[in-house]
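# Structural overview
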Amino acid sequence: MGKASSQKKSRREMIAKMQRDQAASDRRRTVIIVVCSIVVGLAIIAYPAIKLVQDSRTKNQALTDFGVAAGSASCDPITNDTAGGTQDHRPDGEKILYSVSPPSSGPHYAVWAPFDKKFYTTGDRPPVENLVHNLEHGYTILWYRDTLPKDQIDKIEKISKSKLPDGSLNKFIAAPFKQSDGKGWPDGKNLAFAHWSGPGADQKSFGHRQFCNSVSGEALQQFMDKYPATDAQEPNGG
């Protein structure tokens, strides 16, 4: 009996130890889960806050603070395209084949893109035909190839949130341009500025485009200074 009793006691002690070890393991796992949940929760809360702070800082920076200098952006001379289509409103969904790419004037949908949104990605960009309507109201559009690397697109997003030239009246949009949107661009050119000017003394009006290879807030400012928002078909719209 003594031996049997000793064996039972050993088994009870072994079981008790296993239970203690399991309980300790469960506590550790619970602590890890709680800590990970807290970290994830803090990250979810912190990201919008960090983004808000970054956007606030960017808002106070001039767009010339972003990208390379104008002289290093490999920009082509500005083209002056004969403009038309001011009141040529087409039904939503109709694909318009513009004579130049990206378009600097022409027929468009009756509804424009939101006036308060400055930056679009491939996931939320409205049709080109809506954006051309914005050009009619004095907007400058920075079109960028949708295949640009993310770090370059990030710079463009910062430009769209920066302090724009006074003459722009904050009428600016940056949007991606896809291969299927229109005619091909010149080789090596990844961005294009576009503006639709109002009629001059001779009653002629033009659309203006400038292609660049690299992101340059300085080059964009020079373009926007040359073609302010008041130089438009309908500058009071929007």
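Computed from a predicted structure; not experimentally measured. (Residues numbered from 1 in each chain as written. Predicted model: local features only at pLDDT ≥ 70, side-chain atom pairs only at ≥ 80, totals over all residues. Heavy atoms only, no water.)

### Concerning the overall build of the chain
Counting its regular elements, the chain contains 4 helices and 7 strands. Put simply, the chain runs from its N terminus to its C terminus through helices and strands in the order α-β-β-β-α-β-α-β-β-β-α. Here the chain, with 238 residues, has 38% of them falling under the buried criterion. Taking the intrachain contacts of the chain between residues at least 6 apart in sequence as the baseline, contacts between residues at least 24 apart amount to 72%. Accessible surface, the chain as shown: approximately 13400 Å² in total, 56% of it carbon and sulfur. (Helix = DSSP H or I, 4+ residues; strand = E, 2+ residues; numbered from the N terminus. Buried < 20%, exposed > 50% of the residue type's maximum accessible area, 1.4 Å probe, protein only. Contact = heavy atoms within 4.5 Å. Areas by Shrake-Rupley, 256 points an atom, 1.4 Å probe, with all protein chains shown as cover.)

### A few points about the sheet that holds strand β1 (residues 79-82)
For sheets, the rule is that strands pair by backbone hydrogen bonds, running either parallel or antiparallel. Judged by pairing direction, the sheet is mixed, and its 5 strands sit side by side in the order β1-β7-β6-β4-β5 without closing on themselves. Because the sheet does not close on itself, it has two edges, and the strands there are β1 and β5 (172-177). The mean angle between the axes of side-by-side strands here comes to 25°, regardless of whether they run parallel or antiparallel. Note that β1 and strand β7 (residues 206-212) share 4 bridges and pair antiparallel. Each bridged residue has a counterpart across the sheet, and for threonine 82 the counterpart in β7 is phenylalanine 206. (Pairing = 2+ DSSP bridges. Axes fitted to C-alpha atoms, helices over the stretch in contact; angles between N-to-C directions.)

### Considerations on the pairing of β7
The buried fraction of β7 is high, at 6 of 7 residues. Relative to β7, strand β6 (residues 191-196) runs antiparallel, the two being bridged by 6 bridges. Pairing of tryptophan 196 across the sheet is with glycine 207, part of β7.

### As for the side chain of aspartate 81
Within the secondary structure, aspartate 81 sits in strand β1. A polar atom in the side chain of aspartate 81 sits 2.8 Å from the side chain of arginine 209. Residues contacting aspartate 81, with those up to four places away along its chain left out, are Val100, Ser104, Ser205, Phe206, Gly207 and Arg209. (Polar contact = N/O pair within 3.5 Å; in protein donor to acceptor, adjacent residues only side chain to side chain.)

### Section: helix α2 (residues 128-136)
For α2, the tally of buried residues reaches 9 of 9 residues, placing the bulk of the element in the interior. Inspection of α2 places Val128, Glu129, Asn130, Leu131, Val132, His133, Asn134, Leu135 and Glu136 among the buried residues, and these make up the whole buried set.

### Topic: the nonpolar core
By size, the foremost hydrophobic cluster in this structure holds 22 residues, and its most contacted members are Leu142, Tyr144, Ile156, Ile159, Phe172, Phe193 and Leu220. At the level of secondary structure, the elements contributing two or more residues to this core comprise β4 (140-145), α3 (150-161), β5, β6 and α4 (217-226). In terms of residues, this core owes the most to one element, α4, which gives 4 residues. Apart from residues no more than four positions distant in its own chain, leucine 220 is found in contact with Leu63, Thr140, Leu142, Ile159, Phe172 and Phe193. Core analysis: the next-biggest nonpolar cluster, separate from the first, contains 20 residues, Tyr98, Ile141, Ile173 and Trp196 among them. (Core = buried A, V, L, I, M, F, W, Y, C linked by side-chain atoms within 4.5 Å.)

### Focus on the side chain of lysine 171
By the secondary structure assignment, lysine 171 is in the loop between α3 and β5. One buried charged residue, lysine 171, forms no salt bridge at all, with the nearest opposite charge on glutamate 234 at 9.2 Å. Here proline 235 takes part through its backbone oxygen, which lies 2.8 Å from a polar atom of the side chain of lysine 171. (Lys, Arg positive; Asp, Glu negative; His and termini not counted. Salt bridge = Lys/Arg side-chain N within 4 Å of Asp/Glu carboxyl O.)

### Some words on the environment of histidine 108
Tracing the chain through its elements places histidine 108 in strand β3 (residues 108-109). Sequence separation of histidine 108 and lysine 95 is 13 residues, and the distance between their C-alpha atoms is 9.6 Å. Those residues in contact with histidine 108 that lie beyond four places of it in its chain are Gly85, Thr86, Asp88, His89, Arg90, Ile96, Tyr98, Glu129, Val132, His133, Glu136 and Trp196. There is a polar contact of 3.4 Å between the side chain of histidine 108 and the side chain of histidine 89. Here the side chain of histidine 108 touches glutamate 136 through a polar contact of 3.2 Å, side chain to side chain.

### Thoughts on α3
For α3, which comprises 12 residues, the first-to-last C-alpha distance of 17 Å matches the rise-based estimate of 16 Å (1.5 Å per residue) to within 8%. Restricting attention to buried positions, one finds in α3 the residues Gln152, Ile153, Ile156, Glu157, Ile159 and Ser160. Buried residues along α3 cover an arc of 155° about the axis, so they all sit on one side. (Expected span 1.5 Å × (residues − 1). Arc of directions from axis to C-beta.)

### Description of the confidence of the model for the chain
Where the model shows low pLDDT, its predicted coordinates should not be examined in detail. Looking at the chain as a whole, the pLDDT averages 88, with 86% of positions reaching at least 70. Considering only residues more than four positions removed or in separate chains, one finds that residues 49-54, a stretch of pLDDT under 50, has 2 contacts. (pLDDT = per-residue confidence, 0-100.)

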